[in-house]
Amino acid sequence: MRVVCAPDKLRGSLDAAQAAAALAAGVRAAGGTPVEHPLADGGEGSRLTVQSARGGTTTEVATVDALGRPVRAAFGRLDDGTALVEAAEAIGWGGLTAAGHDLPAASSAGLAAPLLGAVAAGARRVVVFLGGTATMDGGTGLLAALGADLRDADGNRLRGSAADLLRTVSIDLAPARERLAGVELVVAADVISPLYGPDGAAHVFGPQKGAGPELVALLDDGLRRLAPLLGIAPDATGGGAAGGLGAALLALGAGLLPGAELIRGLTHFDRLLATADLCLTAEGKVDASTDAGKTVSAVVDACTGAGVPCVVLGGTITPDADRLYGRGATAVLPIGSEPRDLDAALLHAADDLTRTALAVCRLVRAGSTALHTSRT
């Protein structure tokens with residue numbers, strides 16, 4: 001029995017590669033042949049996930065984090081010349097915490113260095129993974145770092161930050177567009193929220209980044225004012241991704257794709273299904289958001305199209321997870337064998353994945369054997 005192990009990360013416990021290895025251990029224990037293929041949805045770890053499947057080269061550059069402190073980030077190059085840039089590597093949480101984070105001062109400027117580094121290295125197609133940033137500046141920091149001219153009402157030039165949103169009255173994008181001329185920008189988003197409004201970046205993700213109700217309202221107002229300055233539609237799909245960074249990249253001419261689907265294609269995942277008997281996928285929490293374009297839903301879609309049974313595993317399963325049956329999932333199962341608090345669940349996630357994968361494979365094998373026996 002050949003089993004493709006294609007999980008996302010289990011946040012706070014296992015990265016995607018570790019989760020795939022844990023599933024593979026269970027498959028081997030059941031006598032099956034595992035194929036480890038970790039996946040992602042455009043958030044943290046996406047670049048490494050793609051390069052683990054495709055190889056290529058990695059180049060580090062000096063840049064700054066969301067609060068302007070020196071850090072190093074990387075961009076990857078695949079064998080077809082496509083460059084991969086992950087926003088979270090430069091302006092993600094790193095050593096930051098929501099409690100101590102200065103969100104108004106946070107800027108997306110640090111994404112410019114790896115992006116420009118990829119262009120300088122000759123890339124003419126650059127995929128930017130957006131998820132996991134610590135910023136809420138509408139991408140203004142990135143735009144300014146790329147050379148765009150941001151001004152306040154008194155004509156002062158702005159560097160771009162969440163605090164600058166309400167002060168910005170004009171943006172000249174021409175210099176930034178010139179630096180990226182001839183480059184195909186592809187944005188891989190792990191969320192499809194609009195730039196502002198009840199479902200926008202500030203209201204949905206602001207609290208996760210440390211914003212209280214008053215700051216959320218101010219940020220939402222700033223993002224609302226930003227939309228016409230960027231020349232994008234208020235409801236542009238994915239504009240609210242990464243604290244509005246999606247909107248800035250759309251304004252630069254980027255095309256936006258759901259991260260899970262893009263990574264599925266970049267890693268040639270569908271090719272593995274041609275000879276697979278079963279696919280196991282997993283994430284930490286399987287809920288309503290899983291059905292809204294995350295990795296697990298993309299895996300289920302691919303398996304349904306290929307006619308391969310797909311079992312979804314999760315540390316937590318909510319009733320909304322049943323939506324995956326409508327996509328064609330064979331089963332949606334929790335991995336915990338007993339009630340545990342969160343810390344214990346995170347600690348034992350790898351063992352739980354292995355144990356559940358073993359059980360699933362034994363059931364599938366027993367069912368196949370019984371079916372074969374009944375037919376003969």
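Chemist: Help me out: how do you make sense of the sheet that holds strand β13 (residues 331-334) in this one?
Modeler: Strand pairs in the sheet, formed through backbone hydrogen bonds, run parallel or antiparallel to each other. In space, the five strands of this open sheet follow the order β2-β1-β11-β12-β13, with parallel pairing throughout. The sheet terminates laterally at β2 (33-36) and β13, the two strands that pair on one side only. Taken over all neighbouring pairs, the strand axes of this sheet differ in orientation by 25° on average, direction set aside. Here strand β12 (residues 310-317) pairs with β13 via four bridges, running parallel. If you follow L313 over to β13, its bridge partner there is L333. The strands touched by helix α1 (residues 16-29) are β1 (2-5), β2, β11 (278-286) and β12; relative to β2, the strand with the most contacts, the crossing angle is about 170°.

Chemist: So what exactly am I meant to see when it comes to helix α10 (residues 259-266) here?
Modeler: Structurally, the α-helix is built with 3.6 residues per turn, so residues lying three or four positions apart point the same way. Among the eight residues of α10, six are classified as buried, and the element is accordingly described as predominantly covered. Inspection of α10 places G259, A260, L262, I263, R264 and L266 among the buried residues, and these make up the whole buried set.

Chemist: Please clarify how the side chain of E283 should be interpreted in this entry.
Modeler: Within the fold, E283 resides in strand β11. Here E283 sits buried without a salt bridge, and the closest side chain of opposite charge, K294, lies 5.0 Å off (N-O distance). Apart from residues no more than four positions distant in its own chain, E283 is found in contact with D8, K9, L10, T290, K294, V296, L313, G314 and G315.

Chemist: Is there a simple way to think about the environment of V35 in this case?
Modeler: Position of V35 among the secondary structure elements: in strand β2. Relative accessible area serves as the criterion here: at 17%, V35 is assigned to the buried category. V35 sits 74 residues away from A109 along the chain, and the two C-alpha atoms are 39 Å apart. V35 has contacts with R2, V3, V4, C5 and L272, leaving out every residue within four places of it along the chain.

Chemist: What's the story with the sheet that holds strand β6 (residues 125-129) in this structure? I'm lost.
Modeler: Strand order in the open sheet formed by six strands is β3-β4-β5-β6-β9-β10, and the pairing between neighbours is mixed. Since the sheet does not close on itself, it has two edges, and those belong to β3 (57-64) and β10 (255-258), each with one partner. Each strand axis lies, on average, 25° off the axis of its neighbour in the sheet, ignoring direction. Bridging between β6 and strand β9 (residues 184-189) involves five bridges; their strand directions are parallel. By the bridge assignment, V126 is partnered in β9 with L185.

Chemist: Sorry if this is basic, but what is going on with the nonpolar core here?
Modeler: Nonpolar side chains tend toward joint burial in soluble globular proteins. Ranked by internal contacts, the top residues of the largest apolar core, which has 64 residues, are V126, L185 and L249. Sequence-distant contacts of L185, defined by excluding residues within four places in its chain, comprise L115, V126, V128, L180, L249, L252, A254 and G255. Grouped together as the second largest cluster of nonpolar side chains are 33 residues, V4, L272, C303 and A329 included.

Reading guide: rules and limits
- Residues numbered from 1 in each chain as written.
- Predicted model: local features only at pLDDT ≥ 70, side-chain atom pairs only at ≥ 80, totals over all residues.
- Heavy atoms only, no water.
- Pairing = 2+ DSSP bridges.
- Helix = DSSP H or I, 4+ residues; strand = E, 2+ residues; numbered from the N terminus.
- Axes fitted to C-alpha atoms, helices over the stretch in contact; angles between N-to-C directions.
- Contact = heavy atoms within 4.5 Å.
- Buried < 20%, exposed > 50% of the residue type's maximum accessible area, 1.4 Å probe, protein only.
- Lys, Arg positive; Asp, Glu negative; His and termini not counted.
- Salt bridge = Lys/Arg side-chain N within 4 Å of Asp/Glu carboxyl O.
- Core = buried A, V, L, I, M, F, W, Y, C linked by side-chain atoms within 4.5 Å.

All quantities given are derived from atomic positions and should not be read as evidence of function.
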